[in-house]
Amino acid sequence: MRKSQDVAAFLPDELSYLVEAFAPSQPEPSRSKAYLVLSAFCQGTRSQNPQESPSTNTATETLEKVFQHLIISRISDHQEQDAIVIGLSFFSALFHVDWQSASCIFAQDGVVEYVTDALDLFPSSASVALEVARMIGQASGHKACRALIPEEIITWLGNKSRQATDKNLRAAAAIALVKLSRGAATDASEGADASQAMQSTSKDMELANLLKGMVIGDKDSLSSLNDVVEGLAYLSVDPDVKHALANDPKFLQQLFTLVPRRKPLPTSTSNSSLLFGILLIISNICAYRPRLSQEDAQVAKLKRMAKAGNGSNRTMPEEPLNALEDDVAVRSRCRQALASGALDVLSVASGVESQGIRLALGKIYLSIVEDKDNRGKVLQSGGARSLSRVIQSSTSSSTPIDTSLLPAIQALAKLTITSSPLQVFGPGDGAMLDAIRPLSQLLLHPSSNLLQQFEALMALTNLASQSTGCADRIYSTPHLLNKVELLMLEEHTLIRRAATELICNLIGGSEKAFSRYGGSSDVHATKSKLQVLLAMSDMDDLPTRLAASGALATVTSVSTACQAVFELQLDRHRAFSIIARLIDPSITLEDDDPNDDEVAGNPGLVHRGVVCLHHILDPQCALPRISLAEEVEKAGWVNVMTRLLKGELGSFDTAVTTPAAEVLRHLIELRRPANS
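No experiment lies behind these values; they were computed from the predicted model shown. (Residues numbered from 1 in each chain as written. Predicted model: local features only at pLDDT ≥ 70, side-chain atom pairs only at ≥ 80, totals over all residues. Heavy atoms only, no water.)

A. Just the overall build of the chain, in detail. Secondary structure summary: the chain contains 37 helices and zero strands in total. Long-range contacts, defined as pairs at least 24 residues apart, comprise 70% of the intrachain contacts of the chain with a sequence gap of at least 6. (Helix = DSSP H or I, 4+ residues; strand = E, 2+ residues; numbered from the N terminus. Contact = heavy atoms within 4.5 Å.)

B. Focus on the side chain of Arg182. When you line up the elements, Arg182 lands in helix α10 (residues 167-190). Reaching out from Arg182, the side chain makes a polar contact with the side chain of Asp204 at a distance of 2.5 Å. If near-sequence neighbours (up to four positions away) are discounted, Arg182 is found in contact with Asp204, Tyr234, Leu235, Val237 and Asp238. (Polar contact = N/O pair within 3.5 Å; in protein donor to acceptor, adjacent residues only side chain to side chain.)

C. Layout of the pattern of salt bridges. Summed over all chains, the structure comprises 25 salt bridges. With a shortest N-O distance of 3.3 Å, Lys212 and Asp248 are connected by a salt bridge. With a gap of 36 residues between them, Lys212 in helix α11 (residues 194-218) and Asp248 in the loop between α13 (239-246) and α14 (249-256) connect regions that are remote in the sequence. Measuring nitrogen to oxygen at the nearest pair gives 3.4 Å for the salt bridge that ties Arg333 to Glu325. The residues Arg333 and Glu325 share a single accessibility class, namely buried. Within this structure, Glu131, Arg134 and Asp227 form a network of salt bridges that share partners. (Salt bridge = Lys/Arg side-chain N within 4 Å of Asp/Glu carboxyl O. Buried < 20%, exposed > 50% of the residue type's maximum accessible area, 1.4 Å probe, protein only.)

D. Layout of the state of the cysteines. Enumeration according to the criterion identifies zero disulfides in this entry. With no disulfide of its own, Cys612 lies closest to Cys562 among cysteine sulfurs, the gap being 8.5 Å. Overall, the relative accessible area of 0% leaves Cys612 in the buried class. (Disulfide = S-S within 2.5 Å.)

E. Inspection of the packing of aromatic side chains at higher detail. This model, assessed by the stated rule, comprises nine aromatic pairs. Relative to Phe67, the ring of Phe41 lies with its centre 5.6 Å away and its plane at 65°, an arrangement referred to as edge-to-face. With Phe41 in helix α2 (residues 28-48) and Phe67 in helix α3 (residues 58-75), this residue pair connects regions lying 26 residues apart in the sequence. Of the two residues, Phe41 and Phe67, both sit in the buried class. Ring centres of Phe576 and Trp637 lie 4.4 Å apart, and the angle between their planes is 35°; on these two criteria the pair is classed as tilted. With a gap of 61 residues between them, Phe576 in helix α33 (residues 575-583) and Trp637 in helix α36 (residues 637-646) connect regions that are remote in the sequence. (Phe/Tyr/Trp six-rings, centres within 6.5 Å; stacked < 30°, edge-to-face > 60°.)

F. Focus on helix α22 (residues 406-418). Here α22 is 13 residues long and its end C-alpha atoms lie 19 Å apart, about the 18 Å a rise of 1.5 Å per residue gives. Where burial is concerned, most of α22 is hidden: eleven out of the 13 residues are buried. Buried residues belonging to α22 abut α19 (355-369), α20 (375-380), α21 (383-393), α23 (421-425), α24 (430-444) and α25 (450-464). (Expected span 1.5 Å × (residues − 1).)

G. View of the packing of helix α30 (residues 523-536) against helix α31 (residues 542-555). The geometry of α30 relative to α31 is characterised by a closest axis approach of 8 Å and an angle of 140° between their N-to-C directions. Taken together, the axes of α30 and α31 lie oblique to each other. Every pair of crossing elements has a handedness; the one defined by α30 and α31 is left-handed. From α30, Leu530, Leu533, Leu534 and Met536 reach across to α31, where they touch Thr544, Arg545, Ala548, Ala551, Leu552 and Val555. Residue classes in the contact of α30 with α31 are distributed as eight nonpolar, one polar and one charged. (Axes fitted to C-alpha atoms, helices over the stretch in contact; angles between N-to-C directions. Parallel < 35°, antiparallel > 145°, perpendicular 65-115°, else oblique. Left-handed = near helix turned anticlockwise from the far one by under 90°. Nonpolar A, V, L, I, M, F, W, Y, C, P; charged D, E, K, R; others polar.)

H. Geometry of the packing of helix α32 (residues 559-572) against α33. The geometry of α32 relative to α33 is characterised by a closest axis approach of 7 Å and an angle of 110° between their N-to-C directions. The angle between α32 and α33 falls in the class roughly perpendicular. Of the residues in α33, those touching α32 at Val565, Phe566, Leu568 and Gln569 are Ala575, Phe576, Ser577 and Ile579.

I. Spotlight on the nonpolar core. Of all hydrophobic cores here, the largest spans 205 residues; its most connected members are Phe67 and Met641. Apart from the residues within four sequence positions on either side, Phe67 is in contact with Leu38, Phe41, Cys42, Phe90, Leu94 and Ile105. (Core = buried A, V, L, I, M, F, W, Y, C linked by side-chain atoms within 4.5 Å.)

J. Just the side chain of Lys529, in detail. Of note, Lys529 is situated in helix α30. Engagement of the side chain of Lys529 in a polar contact is seen with the side chain of Glu485, the distance being 3.1 Å. Excluding its chain neighbours within four sequence positions, the residues that come into contact with Lys529 are Glu485, Arg516 and Tyr517.

If you want it as structure tokens, here you go:
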């Protein structure tokens, strides 16, 4: 394999043997090995010849020189049918492995004519026709090559796609037409040619119906299933096509039976390509319309302006939204795919060693679990294990997580949010602990959007409440806690709430987090943390207040936290009033807006406020009696507790009234002279 990466190490005869290995008559294992050698050769050439500028590409030129004679000498040999077949087969393989050099060879003078001449000279040869169709199909995927394909080839492809004698040729011709059609649609959209785009859509439906019929009726007799599936993968990006495919359960069931369920999928190039094509179809069927940020929307607007005409201030109108792409339609398609057995395919695919397949799995699972009703089915099918396998196989503890893995991690986060960690990861902490790093990376990754950050926070919050081990692992994750504390000050309410809830759960579950917020002997360090918790305890958002005040109630169980809260009260004379307002919403602060409506009381806030007062007034805290009495009087704690115990603030159980009575007793004792 090392030799295959060195251009100079190959002798001409050896290169000829490599070309011959792609003959259709060769067994599949030999062709798979030939693909590996060709891929290593091309990669080695590119690594030895890095691109110096956009206009020059030494590696492409080198590969073109190496392969052009090997290809052209065969496809121009009109006396040897076998040579033409081998040359075309290798040409197709080169498009697979290194399309840049293949495209350059395709563009050389006379190459397209050699292909058309081969069809004229061997009109009855099934092998020549099949390899021509396959090679044209590969070339049609690239814009520069599409422009060189003559009309007579396109007509020939149309005729072959309609004949019923040779089903493999029919499939290969159809995929070539699919790529030409999709390419024409892309070219039209880039050039704003709406009529051409509409015409392509009409052709797409015809081709989709043709290929769909092959899957349903001819799958057992087709050796070119890869071509059929690849064609449907291309076509299923169209809303009308994906709607038609999703609403045909017979087709979906037949498609999914191509993936064996009870035994591992053989790891051949052909099988991997087939599975990848099926996954792409599922991905397209289940894909939601991208949710554009304001910045992305502005970029899209600029692109429309550019298409409207150079130097013009006109803006092209936005394309009308297709009803088949709205969320309701996508949810329906996802459910239809699941009902036809898509989850079984995903389970099998998660065990395949292919980066492309893993990335496709992440996107598919994310689309499926977008609908909460699907999450239970995903868990039952082993979806959490599949996602964990995809994530762990593509990451290491020493390298940052690649952006392409974020969808898989986000899908796992969604499952962790709405289900018990035991349901998602099973008993024991092992799988949960393994999930903490990728979920933390989802929060910390510079490419993560606000939704991904929010869902990472929620998932980590759920895990933090599961066990001390999980809470400690989250706390110890590098840079994580600083990020969470920063997000507690985020303007977005849901982000701020989720960050505060995570801190609350960490304080309750991790001794290290508890020490950071209240158990440290350094009162000054504790003050800055508790100041944020006090501020969050006075927000308008009720869940944020509940989480922050719950954290306060927990940390004030130690005297250092009580001392820090007392010092904050001495600094700004607000801390005690904020705690009192948890119990009595009518308490006002100096900087309150008089036009704000009074917030209704909440039993959870009352309980937390009473616990905080009980901790602060505990004689074991040994706070300065005179100063404490003065600050308590200013905050009106006696009046608040009296109203609470009289029932003026509502009816509460003994979990609140018993400590409240003790608080009032401490307050009355605090009013008495110290020597009495």
